Amino acid sequence: MGEPPIFTCLAQVFTIDPITKKTWKPSSTKSVDVNFFFDGAKKIYRIVSVEELEGSKKIVLNCTIGEKMVFKQTSQKFGQWADARSGCVYGLGFNSEIELKKFIGKFKSVVEDTIRIANSVSHKETAVTETGPLGPKLSLVSGNSRTGSLQMHSDDESSVAYKNVQAQIRRLEADLASTRLQASKLISPNGSETGKGSLQSDGGSGSWPIVPPMVYNHSSNQNFEELDNSRTVNGTRHFDEMKLREAISLQRRLGCILAEACELNNEISLLLTSQFA
């Protein structure tokens, strides 16, 4: 490796027998240099040990440090750790416990830095994903206005926005059903809905005739009684003052429901556009 080691110690290298998983097999014939290296380009740490034998070199240890690696001291001068990537379990035998403790401290600090680097890379990747090639995504979340406000997109905000929309839809459906029921009771004494079954156009018994809608001129000086008396069908008054007031109230209420439904439809369109643009 081109870069100099950041830490070096002397220890004999072992690997556990992959078959028995109990017996230690020496990888080096004696104590050798065990080096920690940091690859600045790849942002990774490695533990490497090379033994020279009769003019040749043999790599006896080459392990990339992982975030979940833990070094365990199993005796006064011996410790071990597992490499999940290679499936190896490495062991190091030191000449003294002091050397072992130094190695443990360095191993722990390197693992902690590996975790920090991984978290930093993860945050950068998340930021790139959220931003996208065309700039930050926008999400509609409820604000002071009925239609909400555009804010930076996140999964949590999107979830809240969808739940708010669903709640508004359920409320509007309930309001519309209630208004429809009141209107049907107003038009038909039997509570039938407008234009259905029991409503008859000939004024038959048990039902009220379907008549053109009454238009009330608010600028007129007519009072409710005069207007009410002017509308009769077969000698029967179609609306009394109370029903007229209720009809006007229902009409206004329905108008508000329709207006809110239109705004909600626009809100959903903006939400979908921000998510799939």
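A brief look at the structure comes next.

What counts and what doesn't
- Residues numbered from 1 in each chain as written.
- Predicted model: local features only at pLDDT ≥ 70, side-chain atom pairs only at ≥ 80, totals over all residues.
- Heavy atoms only, no water.
- Helix = DSSP H or I, 4+ residues; strand = E, 2+ residues; numbered from the N terminus.
- Salt bridge = Lys/Arg side-chain N within 4 Å of Asp/Glu carboxyl O.
- Buried < 20%, exposed > 50% of the residue type's maximum accessible area, 1.4 Å probe, protein only.
- Pairing = 2+ DSSP bridges.

### A short note on unusual backbone geometry
(1) Moving on: In this structure, lysine 21 is a non-glycine residue whose phi angle is positive, near 55°.
(2) Moving on: In this structure, lysine 21 sits in the loop between β1 (7-16) and β2 (24-26).

### Notes on the pattern of salt bridges
(1) Moving on: Applying the stated criterion across every chain yields a total of three salt bridges.
(2) Moving on: Of the charged contacts, one joins glutamate 99 and lysine 102 as a salt bridge, the two residues approaching to 4.0 Å between their closest N and O atoms. In this pair, glutamate 99 and lysine 102 are both assigned in helix α1 (residues 97-131), three residues apart and thus about one turn of the helix distant.
(3) Moving on: Judged by its relative accessible area of 47%, lysine 102 falls in the partly exposed class.
(4) Moving on: Glutamate 260 is paired through a salt bridge with arginine 171; the nearest N and O atoms lie 2.2 Å apart. Here glutamate 260, found in helix α4 (residues 241-276), pairs with arginine 171, found in helix α2 (residues 155-187); they are 89 residues apart in sequence, far enough to count as distant.

### Digging into the pairing of strand β8 (residues 88-93)
(1) Moving on: In this sheet, β8 lies alongside β1 in antiparallel orientation, the contact comprising four bridges. If you follow threonine 15 over to β8, its bridge partner there is tyrosine 90.
(2) Moving on: For strand β7 (residues 78-83) and β8, the ladder comprises six bridges, and the chain directions are antiparallel. Residue pairing in the sheet places glutamine 80 in a bridge with glycine 91 of β8.

### Points about the side chain of serine 27
(1) Moving on: Note on placement: serine 27 falls in the loop between β2 and β3 (32-39).
(2) Moving on: Given a relative accessible area of 15%, serine 27 falls into the buried group.

### A few points about the pairing of strand β4 (residues 44-53)
(1) Moving on: Both β3 and β4 contribute to a ladder of five bridges, which runs antiparallel. What sits directly across from phenylalanine 38, in β4, is tyrosine 45.
(2) Moving on: Counting the residues in the hairpin turn of β3 and β4 gives four residues, including lysine 43, whose phi is positive at 60°.
(3) Moving on: Pairing between β4 and strand β5 (residues 56-64): eight bridges, direction antiparallel. Bridging from a neighbouring strand, isoleucine 47 pairs with cysteine 63 of β5.

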